[in-house]
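Chain and residue survey
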Amino acid sequence: DVKVTQSSRYLVKRTGEKVFLECVQDMDHENMFWYRQDPGLGLRLIYFSYDVKMKEKGDIPEGYSVSREKKERFSLILESASTNQTSMYLCARRTNRGEMNTEAFFGQGTRLTVV
Amino acid sequence: KQEVTQIPAALSVPEGENLVLNCSFTDSAIYNLQWFRQDPGKGLTSLLLIQSSQREQTSGRLNASLDKSSGRSTLYIAASQPGDSATYLCAVTTSGTYKYIFGTGTRLKVLA
């Protein structure tokens with residue numbers, strides 16, 4: 001059974017705090033993603049990583065950074081949390097094999113509230 | 001720029017009905033399309049993946065079809081049950097990219 005594990009289901013942080021959201025996969029998959037999900041806006045890609053130490057900006061990277069020091073772990077960092085970063089954060093992983101992309105699998109989500 | 005649309009945004013049906021959810025995309029140059037289910041406050045659960053070379057995929061009571069030329073996919077749910085109540089999302093990977101583009105989902109409620 002494929003597992004993508006996010007470290008927290010719920011987080012409450014204060015404005016200005018540095019926040020780390022952790023995601024761990026149990027397979028040797030190259031591609032990992034961070035999305036945020038907001039009512040009416042759907043899922044929007046923040047960052048993705050296609051290998052260790054490799055990353056690319058998604059559609060809404062402002063205010064975020066990422067770290068991928070090991071293949072199984074992909075961290076999303078809010079350098080200075082703001083209230084407009086209150087959202088559901090979703091991590092995903094998939095393997096890319098040329099034309100035949102495999103399924104994406106998601107973690108259970110982290111509901112972050114910034115007060 | 002790829003855009004994905006799901007209509008209707010919400011749907012309510014009595015238990016036992018067969019139903020169809022729709023997904024449209026603007027750029028037909030896709031690698032694949034995947035359907036997901038999301039329960040309130042939870043992550044996404046993969047239902048079906050259709051590669052660009054395929055026309056349909058089936059899993060249990062679910063059948064997904066893909067028509068690349070018209071930019072459409074449908075998810076057919078047979079004999080719906082209250083446990084099918086959830087939000088259903090489709091997502092496409094456009095050729096030459098790694099990332100998924102999501103639709104905004106159809107919120108399904110199956111009434112007992």
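It should be noted that the structure appears before, not after, this text.
This next bit is on the layout of surface pockets. One number sums up the size of the largest pocket: a volume of about 520 Å³. Every residue lining the largest pocket is counted, 25 residues in all, and those nearest its centre are Gln37(A), Pro39(A), Gln38(B), Thr87(B) and Arg107(B). Listed by contribution, the elements that provide at least two residues to the lining of the largest pocket are strand E4 (31-38) of chain A together with strand E9 (86-94) and strand E11 (106-111) of chain B. When the residues that make up the lining of the largest pocket are grouped by side-chain class, the tally is 8 nonpolar, 11 polar and 6 charged. Of the voids in this model, the second largest pocket is the one considered here, and its volume is about 430 Å³. Residue lining of the second largest pocket: 21 residues in total, with Asp59(A), Lys1(B), Gln2(B), Ile101(B) and Phe102(B) positioned closest to the centre. Breaking the lining of the second largest pocket down by element, the ones donating at least two residues are strand E5 (42-51) of chain A together with strand E10 (100-102) of chain B. When residues in the lining of the second largest pocket are grouped by element, the largest group, 4 residues, is from E5(A). Here the lining of the second largest pocket is composed, by residue class, of 9 nonpolar, 7 polar and 5 charged.

This part covers the sheet that holds strand E8 (residues 72-77) of chain B. All names here are of chain B. The sheet built from 5 strands is open, its strands ordered E1-E3-E8-E7-E6 with antiparallel pairing. Among the strands making up the open sheet, the edge pair consists of strand E1 (4-7) and strand E6 (56-59). On average, each strand axis in the sheet is inclined to that of its neighbour by 15°, with strand direction left out of account.

Conventions adopted
Residues numbered from 1 in each chain as written. Chains lettered and ligands numbered in written order. Predicted model: local features only at pLDDT ≥ 70, side-chain atom pairs only at ≥ 80, totals over all residues. Heavy atoms only, no water. 1 Å grid on protein atoms, 1.4 Å probe; cavity = no way out; pocket = protein on both sides within 12 Å on 5 of 7 lines; lining within 4 Å. Points joined across faces, edges and corners; volume = space filled by probe spheres on them. Helix = DSSP H or I, 4+ residues; strand = E, 2+ residues; numbered from the N terminus. Nonpolar A, V, L, I, M, F, W, Y, C, P; charged D, E, K, R; others polar. Pairing = 2+ DSSP bridges. Axes fitted to C-alpha atoms, helices over the stretch in contact; angles between N-to-C directions.

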